[in-house]
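Fold and geometry: a report
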Amino acid sequence: MVARTDSVQRIPGYCAMCVSRCGSIAVVEDGRFVALEPDPSHPTGKALCAKGRAAPELVYHPDRLLYPLKRTRPKGDPNPGWERISWDEALDLIAERLRAIAQEYGPESVVFSAASPSTSALDDSLVWIQRLMRAFGSPNLCMAMELCGWGRFLATQYTFGAPVPGAYLPDLEHAGCILFWGYNPNVARLTHAVATTAALKRGARLIVVDPRRAGPANKADIWLRVRPGTDAALALGIAHVMIERGWYDRDFIRDWTNGPLLARTDNGRLLTQRDLDAQGSADRYVAWSEAMGRPVIYDPATGAYGADGEQPEPALTGAFTLETVQGGVECRPVFDLMAGHCRRYPPERVEEICGVAPDQLEATARMLWESRPVAYYAWSGVEMQTGSTQIARAIAQLYTLTGSLDAPGGNVLFAAPPSADVVGGALLAPAQRAHALGVAERPLGPSRWQYVTTDEVYRAILERRPYPVRGLVGFGSNLLVARADGRRGREALSALDFYVHADLFMNPTAELADIVLPVTTAFESEALKIGFEVSAEAQSLAQLRSRVVEPRGEAHSDTEIVFDLACRLGLGAHFWDGDIEAAYRYRLQPSGVSLEALRERPGGVRATVQTRYRKFAERQDGIPRGFSTPTRKIELYSQTMAQHGYPPLPEYEEPLVSPASRPDLAERFPLILTCAKHALYCESQHRGLPSLRRLAPDPEVELHPSAADARGIGPGDWVYIETPGGSVRARAKLNDTLEPDVVCGQHGWWQASTAIGAPGYDPFSPDGANFNLIIGNEAIDPVSGSVPHRAYLCQIRRAD
Ligand SMILES: Nc1nc2c(c(=O)[nH]1)N[C@H]1C(S)=C(S)[C@@H](COP(=O)(O)OP(=O)(O)OC[C@H]3O[C@@H](n4cnc5c(=O)[nH]c(N)nc54)[C@H](O)[C@@H]3O)O[C@H]1N2
Ligand SMILES: Nc1nc2c(c(=O)[nH]1)N[C@H]1C(S)=C(S)[C@@H](COP(=O)(O)OP(=O)(O)OC[C@H]3O[C@@H](n4cnc5c(=O)[nH]c(N)nc54)[C@H](O)[C@@H]3O)O[C@H]1N2
Ligand code: SF4
Ligand SMILES: [Mo]
């Protein structure tokens, strides 16, 4: 209920500024939003961070965009000549220009971009933006998927057939052991930090893999200080110890992974029934039955080995020579190959590659086994890597050994209120899906799901390869600061025929738009959220977030913009003729929760849904559900990867820009450069908020005291970070938990906080502080196109 005492209102809702979506109470006095407080009755409401508490400063910031603006002077002119226009004029103009581009070049030549929902309130509207893009006919959404969602949501689908750990989240409440890999929830997701503290209190174990002793690493039972980007070798090395010691769930591996399937040692492919018999199926595989002493057929359609009633007990180890139509071929079970693969990473070699000591490797393997169930999360530290795909698969393989997937205390798909899918998958014809940028070069990468990389977008604009991109529709996002190679980005965005950008602020990227649209903050707009993700309780909650205050100026929400634009584009039929409430009702229909019920209870409605565990073992018509992979099992070995020329078993690949892989560069750039998010700011945002900027006025780079000493650098000194791509400035911060040759920067600095006299920074100048200006797009992950923001080479030099 909205509680009123005189002129003070306390409005339940949630902070939408980052992925945490903390349950909150907005305090409104005399119509003015004055404070945001935690709402302990909300499943994500135990605490708020400083950013959430600064929400009123965001809402009332003097630099907020308040009216639609039209550029009147050419791009490249230092004065864009912004002119205020009406919403009608803006929307008509946008629709006309987008239609014209689609007519001349095809709808794929219009790219949509969006800020990540992890770092903004885009979570409110992303499903509608995706629906609009698909209804329009474009397969191209540029949204940092290659930098921040690939490993969690997509790469691990090649192992599990599902997004683990992105959607199968760690069940921190019941975990015996928590594994955080390149993830710092203290900064990134407050709800996970709170749940981790509670888990530690009740005795759960914690293992953290991070080059810095940051956040939870300070409380961890084991902190593994990995050399940036070498994480796959570490995962393979831990798996090796577990396998050698017998510390793995043998039954789980045999029953639920493709570990028993035989692989041919002559060509590395899985042995099929057709190899044994020319009339046999190429879609059935072969295992060796220990009980029967002969090969048995595995049929993915039924998930069963051998004939009905047989108990073949497929072997996980050994070498077997089978008579095939091509003659005798030696074969080994996939698990045996995997074990052999891991054997190439004995503790001494792991120490050499990763800088992690053998006793720590042993202790980690033991803890993962003895303290299971294991719940894990891996994020940015392992996403922005040239080996991001192999790292994600190697961690997934290690995790599989614990047998904790979808078990209580493991990684679990918490049940959400059922809702209608509205992202419009069916609106985009398969032929059009095949047009996504990057599909040809990286068919298994993000563009398979219509997420395209920034580099691909820049290339299509500037080189018209594989086809010209001429239009961009941006909902937030700050490509020129938040992505690599901002100079090329500037050139590309300047070369577009038409660019419309919707945002809270005029950021350096929006400055290149033809039309800029003002959006509301989450506190000025209603939104529907179904499921708060982090626990069974949180995921069962649906909430209609109320508007806290009226929109400033003429700001509209992203959702309103999408629905209005859809109607102008003649796509109203797919958008309930612009009626957002009707769309919400449609979305909610399967849940049994009505919009009226949500309106009545602004704190949200909990649906009675039951989280089910080990769903893979549930049987339908006698057939176990299994996993959504080609073999219906967890794919330790991926035939899909093999067919596309990638390693079928996860492998360690040295980072492409490292002292070992680029000794030519390492002479001039001897330090390994990584970076991390800022606790007080989201990505390239929030530097303008005085209460936050006062606490962290300057961009910083962390380096080891010995590296600083060697360069005559003291704490707080301004330094240049130099890479082969250029240089930027930051203040030195000494951190003795780093390896002496590792340094850690911050990205996202451009905005000033005029109220307290804190400066802004030129995003294209070597005297600026745009970290990503000095990261290149040339060395990338071959499967996903991920960019090495987290493992690069640099030199640090005093600035004066
Ligand atoms: N306060 C705040 N919260 C945020 C955001 C923000 O900008 N600020 N951004 C949101 C978004 S978009 C995202 S994607 C999430 C990300 O959330 P996280 O992934 O937790 O983000 P980081 O803290 O940058 O990275 C986690 C850790 O990775 C470590 N790391 C760096 N290099 C490596 C490496 O090579 N290997 C390993 N294992 N670790 C490495 C860093 O030292 C860091 O401590 O946070 C979201 N929440
Ligand atoms: N070096 C380095 N680079 C990185 C990262 C890193 O850790 N290190 N992280 C990467 C990751 S994980 C990500 S997700 C990307 C983030 O990159 P982006 O997704 O581009 O996010 P931001 O830089 O935060 O820019 C968000 C923009 O959206 C606007 N905005 C905020 N809320 C809303 C809203 O509700 N609606 C609209 N329309 N606009 C809004 C903000 O004002 C801002 O201008 O950066 C990536 N780049
Ligand atoms: S962690 Fe902070 S910014 Fe993120 S949702 Fe919670 S209060 Fe808001
Ligand atoms: Mo992100």
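You'll find the structure just up there.
Reading the values: rules and limits
Residues numbered from 1 in each chain as written. Chains lettered and ligands numbered in written order. Predicted model: local features only at pLDDT ≥ 70, side-chain atom pairs only at ≥ 80, totals over all residues. Heavy atoms only, no water. Pairing = 2+ DSSP bridges. Helix = DSSP H or I, 4+ residues; strand = E, 2+ residues; numbered from the N terminus. Contact = heavy atoms within 4.5 Å. Axes fitted to C-alpha atoms, helices over the stretch in contact; angles between N-to-C directions. Near = heavy atom within 4 Å. Polar contact = N/O pair within 3.5 Å; in protein donor to acceptor, adjacent residues only side chain to side chain. Areas by Shrake-Rupley, 256 points an atom, 1.4 Å probe, with all protein chains shown as cover. Nonpolar A, V, L, I, M, F, W, Y, C, P; charged D, E, K, R; others polar. Parallel < 35°, antiparallel > 145°, perpendicular 65-115°, else oblique. 1 Å grid on protein atoms, 1.4 Å probe; cavity = no way out; pocket = protein on both sides within 12 Å on 5 of 7 lines; lining within 4 Å. Points joined across faces, edges and corners; volume = space filled by probe spheres on them. Salt bridge = Lys/Arg side-chain N within 4 Å of Asp/Glu carboxyl O. Buried < 20%, exposed > 50% of the residue type's maximum accessible area, 1.4 Å probe, protein only. Phe/Tyr/Trp six-rings, centres within 6.5 Å; stacked < 30°, edge-to-face > 60°. Lys NZ or Arg CZ within 6 Å of the ring centre and 35° of its normal.

Before going further, it helps to examine the sheet that holds strand 27 (residues 605-606). A sheet is described by the order of its strands in space; here three strands give the open sequence 25-26-27, paired in antiparallel fashion. Two strands in the sheet have a free side with no partner beyond their single neighbour: strand 25 (527-530) and strand 27. Bridge analysis of strand 25 against strand 26 (residues 541-545) gives four bridges, and the strand direction is antiparallel. Looking at the pairing, Lys529 lines up with Gln543 of strand 26. Taken strand by strand, helix 24 (residues 580-588) contacts strand 25 and strand 26, and its axis lies near 5 degrees from that of strand 25.

Now for the site of ligand 2. Residues in close proximity to ligand 2 total 33 residues, the closest being Ala482, Asp503, Ser684, Gln685 and Asn772. Between a nitrogen atom of ligand 2 and a main-chain N or O atom of Gly476, the distance comes to 3.2 Å. Between Ser684 and ligand 2, the recorded distance is 2.5 Å, taken from a side-chain N or O atom to an oxygen atom. For ligand 2, whose unbound accessible area comes to 910 Å², protein coverage reaches 97%. Elements supplying a minimum of two residues to the shell around ligand 2: helix 5 (145-148) and strand 23 (498-503). Considering only residue class, the shell around ligand 2 consists of 15 nonpolar, 12 polar and six charged.

Now for the site of ligand 3. The local shell around ligand 3 consists of Cys15, Met17, Cys18, Ser20, Arg21, Cys22, Leu48, Cys49, Lys51, Gly52 and Leu190. Of the residues in the shell around ligand 3, the class split is seven nonpolar, two polar and two charged.

This part covers the sheet that holds strand 16 (residues 304-305). Spatially, three strands are ordered 14-15-16 in an open sheet, and the strand pairing comes out antiparallel. Each of the sheet's edge strands pairs with one partner strand only, and the pair in question is strand 14 (285-289) and strand 16.

Now for the packing of helix 23 (residues 558-568) against helix 24. Two elements in contact, helix 23 and helix 24, have axes separated by 11 Å at closest approach and are oriented at 105 degrees. One element, helix 23, and the other, helix 24, form an angle in the roughly perpendicular class. On the side of helix 23, the interface is formed by Thr559, Glu560 and Phe563, while helix 24 contributes Ile580, Ala583 and Tyr584. Of the residues contributing to the contact of helix 23 with helix 24, the split by class is four nonpolar, one polar and one charged.

Counting across every chain of the model gives seven cavities of 30 Å³ or more. Size it by volume and the second largest cavity reaches roughly 90 Å³. Taken together, 13 residues form the lining of the second largest cavity, with Gly151, Arg152, Ala378, Val382 and Ala392 sitting closest to its centre. Mapped onto the lining of the second largest cavity, the elements with two or more residues apiece are helix 6 (150-155), strand 19 (374-378), helix 16 (380-383) and helix 17 (388-402). Take the lining of the second largest cavity: its biggest share by element is four residues, from helix 17. Partitioned by chemical class, the residues of the lining of the second largest cavity number eight nonpolar, three polar and two charged.

The final tally for this structure, using the stated rule, is 49 salt bridges. The partner of Asp275 in a salt bridge is Arg264, and the shortest N-O contact between them spans 3.4 Å. Highlighted residues: Asp275 in helix 12 (residues 273-276) and Arg264 in strand 13 (residues 262-264), separated in sequence by 11 residues. When sorted by exposure, Asp275 lands in the same class as Arg264, which is buried. Taking the shortest distance from any N to any O, the salt bridge between Arg284 and Asp299 comes out at 3.3 Å.

Position of Ala339 among the secondary structure elements: in helix 13 (residues 334-343). The class for Ala339 is buried, based on a relative accessible area of 7%. Taking C-alpha positions, Ala339 is 39 Å from Asn772, a pair spaced 433 residues apart along the chain.

The next point concerns the pairing of strand 4 (residues 32-38). In this sheet, strand 4 lies alongside strand 3 (residues 23-29) in antiparallel orientation, the contact comprising six bridges. By the bridge assignment, Val28 is partnered in strand 4 with Phe33. The hairpin turn running from strand 3 into strand 4, its antiparallel successor, is two residues long, and Asp30 in that turn takes a positive phi close to 50 degrees.

Next up on the list: the layout of surface pockets. Of the voids in this model, the largest pocket is the one considered here, and its volume is about 1700 Å³. In terms of lining residues, the largest pocket is bounded by 50 residues, among which Asp123, Val127, Phe153, Ala167 and Glu533 are the most central. Among the residues making up the lining of the largest pocket, the classes are represented as 27 nonpolar, 11 polar and 12 charged. If you trace the second largest pocket, you find 26 residues lining it, with Gly303, Ala304, Tyr305, Glu310 and Arg619 closest to the centre. Those elements that provide at least two residues to the lining of the second largest pocket are helix 11 (250-256), strand 15 (294-299), strand 16 and strand 29 (623-624). Of the residues contributing to the lining of the second largest pocket, the split by class is 10 nonpolar, seven polar and nine charged.

Right, let's get into unusual backbone geometry. Looking along the chain, the bond that leaves Val164 and enters Pro165 is cis, with omega of 5 degrees. If you trace the backbone, Pro165 turns up in the loop between helix 7 (157-160) and strand 9 (169-170). A cis geometry characterises the amide bond from Arg465 onward to Pro466, with omega recorded as -5 degrees. Of note in the backbone geometry, Asp485 takes a positive phi value of approximately 60 degrees without being a glycine. Within the element layout of this structure, Asp485 appears in the loop between helix 20 (479-482) and helix 21 (486-494). Its relative accessible area of 23% is what places Asp485 among the partly exposed residues. A positive phi is found at Glu533, a non-glycine position, where the angle reads about 70 degrees. Looking at where Glu533 falls in the secondary structure, it is placed in the loop between strand 25 and helix 22 (536-539). Relative accessible area serves as the criterion here: at 25%, Glu533 is assigned to the partly exposed category.

Tallied over the entire structure, the rule returns 23 aromatic pairs. With a centroid separation of 4.6 Å and an interplanar angle of 50 degrees, the aromatic rings of Tyr183 and Tyr377 are classed as tilted. Here Tyr183 is found in the loop between strand 10 (177-181) and helix 8 (185-188), whereas its partner Tyr377 is found in strand 19, with 194 residues between them in sequence. Each member of the pair, Tyr183 together with Tyr377, is buried. Seen in terms of ring centroids, Phe616 and Phe627 are 5.0 Å apart; in terms of plane orientation they differ by 20 degrees. Their pairing is stacked. Note that Phe616 is positioned in the loop between strand 27 and strand 28 (619-620) and Phe627 in the loop between strand 29 and helix 26 (639-643), a separation of 11 residues in sequence. Pairwise contacts between aromatic rings join Trp128, Phe563, Phe575, Trp576 and Tyr586 into one cluster. When the ring centre of Phe764 is taken as reference, the NZ or CZ atom of Arg490 above it lies at 4.0 Å. The ring of Trp749 has Arg687 lying over it, and the distance from NZ or CZ to the ring centre is 4.6 Å.

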